[in-house]
Amino acid sequence: MLQLIAKSQLTSLSGVAQKNYFNVLDKIVQKVLDDHQNPRLIKDLLQDLSSTLCILIRGVGKSVLVGNINIWVCRLETILNWQQQLQNLQMTEVDSGLTLSDLPVHMLSNILYRFSDGWDIVTLGQVTPTLSALSEDRRLWKKLCQYHFGEKQFCRHLILSEKGHIEWKLMYFALQKHYPTKEQYGDTLHFCRHCSILFWKDSGHPCTAADPDSCFTPVSPQHFIDLFKF
Ligand SMILES: [Zn+2]
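Residues numbered from 1 in each chain as written. Predicted model: local features only at pLDDT ≥ 70, side-chain atom pairs only at ≥ 80, totals over all residues. Heavy atoms only, no water.

Caption draft 1: Focus on the overall build of the protein. Helix and strand content of the protein: eleven helices and three strands. The order of helices and strands in the protein, counted from the N terminus, is α-α-α-α-α-α-α-α-α-α-β-β-β-α. Dimensions of the protein, computed from the C-alpha atoms along their principal axes, are close to 55 × 55 × 45 Å. In the protein, which comprises 230 residues, the proportion classed as buried is 31%. In the protein, the proportion of contacts linking residues at least 24 apart, taken out of those at least 6 apart, comes to 55%. Carbon and sulfur atoms form 56% of the exposed surface of the protein, whose accessible area is close to 15300 Å². Each charge class in the protein can be summarised by its mean position, and for the 23 positive and 22 negative side chains these summaries are 7 Å apart. (Helix = DSSP H or I, 4+ residues; strand = E, 2+ residues; numbered from the N terminus. Buried < 20%, exposed > 50% of the residue type's maximum accessible area, 1.4 Å probe, protein only. Contact = heavy atoms within 4.5 Å. Areas by Shrake-Rupley, 256 points an atom, 1.4 Å probe, with all protein chains shown as cover. Lys, Arg positive; Asp, Glu negative; His and termini not counted. Charge placed at Lys NZ, Arg CZ, Asp CG, Glu CD.)

Here it is as structure tokens:
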């Protein structure tokens, strides 16, 4: 959701909301710098945010950027500073005996099959030669394509090798440019039509409907943002 806001909602944030937004970002960046987990996600987000801000700042007068322009220039500098810190982030090796490469091949393969993002597979494939070989598995990419995209989309962007095989990995990245991938989250917001209430799926809510399950609709981050558009 933070990424969606960065891409399209910056101009609709009030002064207080902007402040909160940047405070949240600051907390995330500090956490990633501390525990070294998932730096790619926040790097992507900051990349989107800085490009949107550059466009907005250049177009001042034409666009409605709430707040003093100097504050935004200052924020852009903060973002660049965060990006620099994340760039310098060195992954330290934790010496606890066993490492990922000590796992049997079928378990490594199993891990790769659980990723829903092709870039995670590519990144993990850069770790060891075994993982590199496993990450090129055609069935793996075929499964990923089938998970995210439909038959019709395959037909429109079919990529064949010289021998006539389907190049699933290339197809995945080609399709990803044209169609949205299936969204997957650890926990999703749900809306109950009976109680008119938003709740996290994991924690639920005290529902008074006779058949609760039929009243729930999942709410994606984009859908959540849309709820605020009148
Ligand atoms: Zn309910």
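Caption draft 2: Broad picture of a nonpolar patch on the surface. Judged by side-chain polarity, Leu100, Leu103, Met107 and Ile111 come together as a nonpolar surface patch covering roughly 280 Å² of accessible area. Relative to the helices and strands, Leu103 is located in the loop between helix 4 (69-87) and helix 5 (105-113). (Patch = residues over 30% accessible without salt bridge, like charges linked within 9 Å, V, L, I, M, F, W, Y side chains within 5 Å. Salt bridge = Lys/Arg side-chain N within 4 Å of Asp/Glu carboxyl O.)

Caption draft 3: A look at the coordination of the zinc ion. With distances of 2.2 to 2.3 Å, the protein atoms coordinating the zinc ion are Cys192 (SG), Cys195 (SG), His205 (NE2) and Cys207 (SG). Considering all four donor atoms around the zinc ion, the spread of angles at the metal, 103 to 115 degrees, places the coordination shape in the tetrahedral class. Between consecutive donor residues of the zinc ion, the sequence gaps follow C-x2-C-x9-H-x1-C. Note on Cys207: relative accessible area 23%, which makes it partly exposed. (Donors = N, O, S within 2.8 Å, 3.2 Å for Na, K, Ca; no water. Tetrahedral: all angles 85-135°; square planar, octahedral: opposite > 155°, others 65-115°.)

Caption draft 4: Layout of helix 2 (residues 15-35). For helix 2, spanning 21 residues, the distance from its first C-alpha to its last is 31 Å, which sits close to the expected 30 Å at 1.5 Å a residue. Of all the residues in helix 2, the buried ones are Gln18, Tyr21, Phe22, Leu25, Val29, Val32 and Leu33. The arc enclosing the buried residues of helix 2, seen along the axis, measures out at 105 degrees, which places them on a common side. Among the exposed residues of helix 2, those pointing more than 90 degrees away from its buried face are Val16, Lys19, Lys27, Lys31 and Asp34. (Expected span 1.5 Å × (residues − 1). Arc of directions from axis to C-beta.)

Caption draft 5: Representation of the state of the cysteines within the structure. Scanning the model with the defined rule gives zero disulfides in all. Lacking any disulfide linkage, Cys215 is separated from the closest cysteine sulfur, that of Cys192, by 5.0 Å. Cys215 gets classed as buried once you look at its relative accessible area, which sits at 12%. (Disulfide = S-S within 2.5 Å.)

Caption draft 6: Quick peek at the domain arrangement of the protein. Here the domain parsing of the protein yields domain 1 (1-88), domain 2 (100-178) and domain 3 (189-227). Taking only C-alpha atoms, the centre of domain 2 and the centre of domain 3 are 34 Å apart. (Domains from an automatic or database assignment.)

Caption draft 7: Summary view of the sheet that holds strand 1 (residues 189-192). Across the sheet, three strands lie side by side as 2-1-3; this open sheet has antiparallel pairing. Each edge of the sheet is formed by a strand with only one pairing partner; in this case those strands are strand 2 (197-200) and strand 3 (216-219). The mean inter-strand angle of the sheet, taken between neighbouring strand axes irrespective of direction, is 35 degrees. Note: strand 1 against strand 3, four bridges, orientation antiparallel. For Phe191, the partnering residue across the bridge sits in strand 3 and is Thr217. (Pairing = 2+ DSSP bridges. Axes fitted to C-alpha atoms, helices over the stretch in contact; angles between N-to-C directions.)

Caption draft 8: Spatial organisation of the packing of helix 2 against helix 4. Where helix 2 meets helix 4, the axes come as close as 11 Å, and the angle between the chain directions of the two elements is 15 degrees. Classified by the interaxial angle, the pair formed by helix 2 and helix 4 is roughly parallel. Crossing hand, helix 2 versus helix 4: left-handed. Contacts between helix 2 and helix 4 involve Gln18, Lys19, Phe22, Leu25, Asp26, Val29, Gln30, Val32 and Leu33 on the former and, on the latter, Trp72, Arg75, Ile79, Trp82, Gln85 and Leu86. Its residues placed into classes, the contact of helix 2 with helix 4 shows nine nonpolar, three polar and three charged. (Parallel < 35°, antiparallel > 145°, perpendicular 65-115°, else oblique. Left-handed = near helix turned anticlockwise from the far one by under 90°. Nonpolar A, V, L, I, M, F, W, Y, C, P; charged D, E, K, R; others polar.)

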